[in-house]
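# Inside the fold
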Amino acid sequence: MIILNNIKEIKEQFISQYKHPYIDRNLYHNLLTDQQLFFYVQIFNEVENKHVYNTLFDSLLHIQCSIDIHDQIDIRFNANMADELLEENQLKILVGDFHSAMFYKLLTKNDQLNALYHFIQTIKDINKSKMSLIHYHDLEQKDISKQFNNLELIIVGLYDSLATFLNIHDYEAKWKPLILYYLLYSRSDLFWSNLIKNLSDDHYKEFEVRKNRLTDQIDHHLIPEILR
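Bear in mind the structure is a predicted one, so any value in this text is a computation, not a measurement.

## A look at the overall build of the protein chain
Per the secondary structure count, the protein chain includes nine helices and zero strands. At 18 Å, the protein chain has a C-alpha radius of gyration in line with the 17 Å of a compact globule built from 228 residues. For the protein chain, the spread of C-alpha atoms along the principal axes amounts to about 45 × 45 × 35 Å. In the protein chain, which comprises 228 residues, the proportion classed as buried is 48%. Of the accessible surface of the protein chain, which amounts to about 12500 Å², a share of 48% is contributed by carbon and sulfur atoms.

## Focus on the packing of aromatic side chains
If you walk through the whole model with that rule in mind, you get 12 aromatic pairs. Here tyrosine 40 and tyrosine 159 contribute two aromatic rings whose centre-to-centre distance is 4.2 Å and whose plane-to-plane angle is 25°, an arrangement assigned as stacked. In this pair, tyrosine 40 is assigned in helix 2 (residues 34–44) and tyrosine 159 in helix 6 (residues 144–166), connecting sequence segments 119 residues apart. Take tyrosine 40 and tyrosine 159: they sit in the same class, and that class is buried. Measuring from centroid to centroid gives 5.8 Å for phenylalanine 119 and phenylalanine 165, while their planes differ by 50°, and the two rings are tilted. Remark: phenylalanine 165 occurs in helix 6 and phenylalanine 119 occurs in helix 5 (residues 113–134); sequence separation between them is 46 residues.

## A few points about the side chain of lysine 197
With respect to the helices and strands, lysine 197 occurs in helix 8 (residues 191–197). Although buried, lysine 197 forms no salt bridge, and the nearest oppositely charged side chain, glutamate 208, lies 5.0 Å from it. Not counting residues within four places of it along the chain, the set of residues in contact with lysine 197 comprises Tyr204 and Phe207.

## Remarks on the side chain of lysine 11
Following the sequence through the fold, lysine 11 ends up in helix 1 (residues 4–18). Here lysine 11 occupies a buried position and makes no salt bridge, while the nearest side chain of opposite charge, aspartate 34, is found at 6.2 Å. Non-local contacts of lysine 11, meaning those with residues more than four positions away in its chain, are made with Tyr28, His29, Leu31, Leu32 and Leu37.

## Here we look at the pattern of salt bridges
Taken as a whole and assessed by the stated rule, the structure comprises nine salt bridges. A salt bridge links glutamate 88 to lysine 92, with the shortest nitrogen-to-oxygen separation between them at 3.0 Å. Of this pair, glutamate 88 and lysine 92 both sit in helix 4 (residues 83–109), four residues apart, which is roughly one turn of that helix. For glutamate 88, a relative accessible area of 37% translates into the label partly exposed. For arginine 187, the salt bridge goes to aspartate 189, with nearest N and O atoms at 3.0 Å. Among the residues examined, aspartate 189 registers a relative accessible area of 57% and is labelled exposed. Ionic contacts of the salt-bridge type, sharing partners, join the residues Glu152, Glu206 and Arg210 into one network.

## Quick notes on the environment of leucine 180
Note on placement: leucine 180 falls in helix 7 (residues 171–185). Contact partners of leucine 180, with chain neighbours within four places excluded, come to Glu152, Val156, Tyr185 and Leu214.

## Some details on the packing of helix 5 against helix 6
At a minimum axis distance of 8 Å, the contact between helix 5 and helix 6 shows a crossing angle of 170°. Relative to helix 6, the element helix 5 lies roughly antiparallel. Residue-level inspection shows Asn114, Ala115, His118, Phe119, Thr122, Asp125, Ile126, Ser129, Lys130, Ser132 and Leu133 of helix 5 in contact with helix 6, the latter providing Gln147, Asn150, Leu151, Leu153, Ile154, Gly157, Leu158, Ser161, Leu162, Thr164 and Phe165. When its residues are assigned to classes, the contact of helix 5 with helix 6 shows 10 nonpolar, 10 polar and two charged.

Quick notes on the rules
- Residues numbered from 1 in each chain as written.
- Predicted model: local features only at pLDDT ≥ 70, side-chain atom pairs only at ≥ 80, totals over all residues.
- Heavy atoms only, no water.
- Helix = DSSP H or I, 4+ residues; strand = E, 2+ residues; numbered from the N terminus.
- Rg over C-alpha atoms; globule rule 2.2 N^0.38 Å.
- Buried < 20%, exposed > 50% of the residue type's maximum accessible area, 1.4 Å probe, protein only.
- Areas by Shrake-Rupley, 256 points an atom, 1.4 Å probe, with all protein chains shown as cover.
- Phe/Tyr/Trp six-rings, centres within 6.5 Å; stacked < 30°, edge-to-face > 60°.
- Lys, Arg positive; Asp, Glu negative; His and termini not counted.
- Salt bridge = Lys/Arg side-chain N within 4 Å of Asp/Glu carboxyl O.
- Contact = heavy atoms within 4.5 Å.
- Axes fitted to C-alpha atoms, helices over the stretch in contact; angles between N-to-C directions.
- Parallel < 35°, antiparallel > 145°, perpendicular 65-115°, else oblique.
- Nonpolar A, V, L, I, M, F, W, Y, C, P; charged D, E, K, R; others polar.

What follows is the structure, given as structure tokens:
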């Protein structure tokens, strides 16, 4: 099993190789968390000839960075913000767009168009799910189950898509419940989980039900104690 030092080395190498020279490293502090990287590595470890997927691995880290840093942008973003906050939001937009462009560039440059087309649909679905949650109160049909499907897609959509692309047979039973629990339901600092819990009392109760169900279902021993 990969150890924590390996995960930190992966992040350090990625930032050293791809960070734009004008961008402060501190911007990456909350990006590519140890838990996120751990689960990506475990999924890739399920396949043979892992070196074949080096480009795909880096590409997914790019799009994960893009998705997560765009989530840090204040949804009230507008030109009337205080200059410091406006500048910070604009910088995050640029960094997110940069990593999104690198995702496309790496896969295209290395003739991995099948992977590119596969993940493009997932990225579209994630963005659509975000809009559904943000504009929940404007919807005519307020289906709680559907909104939780959207929530889970936002957080684990890339992992689901990767497992499908790599044909990981035991992903749904072995890894997905762990990913859902540790990257979504056990976190109190996540924008999307807090958003859906505040939509209504029923949403809050459903969140707790799903969290408790996963707590009883998953095998915590599959993840190092230091990452729990």
